[in-house]
Amino acid sequence: TRAIDWARVRNDFPLLTREVNGKPLIYLDSANTGQKPASVIEATDDFYRRHNANVSRAVHTLGSEATEAYEGARKKLAAFLGVHGDDLVLCSGTTFAINLVAYSWALPRLNAGDAILITRMEHHANIVPWQLVAQRTGATIKVAELLADGSLDLDALHALMTPEVKLLAIAHVSNVLGTVNPVAAICREARKRGIVSVVDGSQAAPHMALDIPAIGCDFYAITGHKMCGPTGTGALWARREHLQAMPPFLGGGEMIKEVRFDGTVFNDAPHKFEAGTPNIAGFVGLGAAVDYLSTLGMDHVATRESELLAHATEELRKVDGLRIFGEASDKAAVISFQVEGAHAHDLATLLDLEGVAVRSGQHCAHPLLQWFGVAATCRASLAFYNTHDEIDAFVAALLKVRRLLL
Ligand code: PMP
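About the cut-offs
Residues numbered from 1 in each chain as written. Predicted model: local features only at pLDDT ≥ 70, side-chain atom pairs only at ≥ 80, totals over all residues. UniProt positions renumbered as here; feature names shortened; annotations may be inferred. Axes fitted to C-alpha atoms, helices over the stretch in contact; angles between N-to-C directions. Helix = DSSP H or I, 4+ residues; strand = E, 2+ residues; numbered from the N terminus. Parallel < 35°, antiparallel > 145°, perpendicular 65-115°, else oblique. Left-handed = near helix turned anticlockwise from the far one by under 90°. Contact = placed C-beta atoms within 7 Å. Nonpolar A, V, L, I, M, F, W, Y, C, P; charged D, E, K, R; others polar. Domains from an automatic or database assignment. Pairing = 2+ DSSP bridges.

- For the chain, an unreviewed UniProt entry supplies the name Cysteine desulfurase and the organism Thermomonas carbonis.
- If you open the UniProt record of the chain and go to Catalytic activity (unreviewed entry), you find "(sulfur carrier)-H + L-cysteine = (sulfur carrier)-SH + L-alanine".
- Comment text from UniProt for the chain, heading Sequence similarities (unreviewed entry), reads "Belongs to the class-V pyridoxal-phosphate-dependent aminotransferase family. Csd subfamily."

Printed below as a string of structure tokens:
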């Protein structure tokens, strides 16, 4: 394989050169949002400087340039995910994508007596929309539990796939534990039983090569800001038959063919689900992000991140009283931890004084932390642009901070 000069790759990210509290920034919060390479920032800037116009409305030159740029980004993202652009709804992120499935697919279909199956490790974005659907339809929610290492109890999950279950909603990768779920095998089991599957790919798309058709799900949601793209960008992939059958979620311009007071003809999918002016510059940036990641190669990214994860895990295990949450064998570069006797927020606050950015709290996964019986954890999440030296400096800072607190 081609050797990548990761030090040069890091130089593509302008923000990573800054200091925080007089120390070089060590950014370990990429699961929250990723940093952006210069090419993404420049693509967005260039759009506003040279091409800015609305999409699909104007016949003038800028209008067609904007439309081409927006539709070009859809094509790039589709190729990156192994799908067809016509089956990719562009939206503001995973939260929107999952709500679109909830409101347009689930709400009209589910009834009292039906069930939605989720797992203990879901992000609130893959819990609350289903609770809203359950409240309005009378459906119930079933939860698949975990094993002690933070992996899914697959036998229990399959046992929960009973006839009343109409929908399965599951994370590809946990944002707290890093657990990579075997979604292809799980979706196959669901499909055999006629259960429609929704995969939350927020934490998978930034870290591994994806082939959505090979996963065999019905819906797959991603968020652009975690994969080097701008905030407010994301997508929902869906099987074409679902997109054709689903009613629109939001109404407005762009999503129609003809509007009359006695009835409106909707546009074809995916435009039917993209009412109003989209985040055009954001998607231009996301297109550049996809180009950037494709040039690096997602297999290289995955290998690099597993090396960083192995190093960080090894070093953190040496810290007295440190507990890591989530030690599944297939794991992305996310490490949630606690240090005995130190509150997670205090740790994160003091680490920030050392220039280290980690997230502390419940990571939008209250039921998961309840299951572990803890109020909060710190989370260090790595990306390919982090370095072994940064991990060493982070662990040294953690030891220093621990001495201050204990
Ligand atoms: N699901 C998971 C697993 C996530 O990590 C996140 C982002 N923290 C989301 C959903 C929500 O993504 P967004 O806020 O971009 O819609």
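From this point, things continue past the structure.
1. Re the packing of helix α12 (residues 344–353) against helix α14 (residues 388–405)
So, point 1. The contact between α12 and α14 brings their axes to 10 Å, and the two run at 120°. With respect to each other, α12 and α14 are oriented oblique. Crossing of α12 against α14: the hand is right-handed. The residues of α14 that touch α12, namely those facing D346, L347, L350 and L351, are A397, L398, V401, L404 and L405.
So, point 2. Tallied by class, residues from the contact of α12 with α14 come to eight nonpolar, no polar and one charged.

2. Overview of the domain arrangement of the chain
So, point 1. We note that the domain assignment places domain 1 (6–30 + 297–405) and domain 2 (42–294) within the chain.
So, point 2. Here the C-alpha centroids of domain 1 and domain 2 sit 28 Å apart.
So, point 3. Contacts between domain 1 and domain 2 engage 23 residues on the former and 21 residues on the latter.
So, point 4. Only α11 (298–317), β14 (334–339) and α13 (366–372) provide two or more residues apiece to the side of domain 1 that touches domain 2.

3. Quick word on the sheet that holds strand β5 (residues 115–119)
So, point 1. Here seven strands make up an open sheet; going across it, the order is β4-β10-β9-β8-β7-β5-β6 and the pairing mixed. Taken across any chain shown, the strands that pair with only one partner, and hence form the sheet edges, are β4 (88–91) and β6 (140–144). Shown here is a sheet whose adjacent strand axes are inclined to one another by a mean of 20°, direction ignored.
So, point 2. Packing against the sheet, helix α3 (residues 61–81) makes contact with β4 and β10 (234–238), and its axis sits at approximately 120° to β4.
So, point 3. Running at roughly 160° to strand β8 (residues 196–200), helix α7 (residues 183–192) makes contact with β7 (165–171) and β8 of the sheet.

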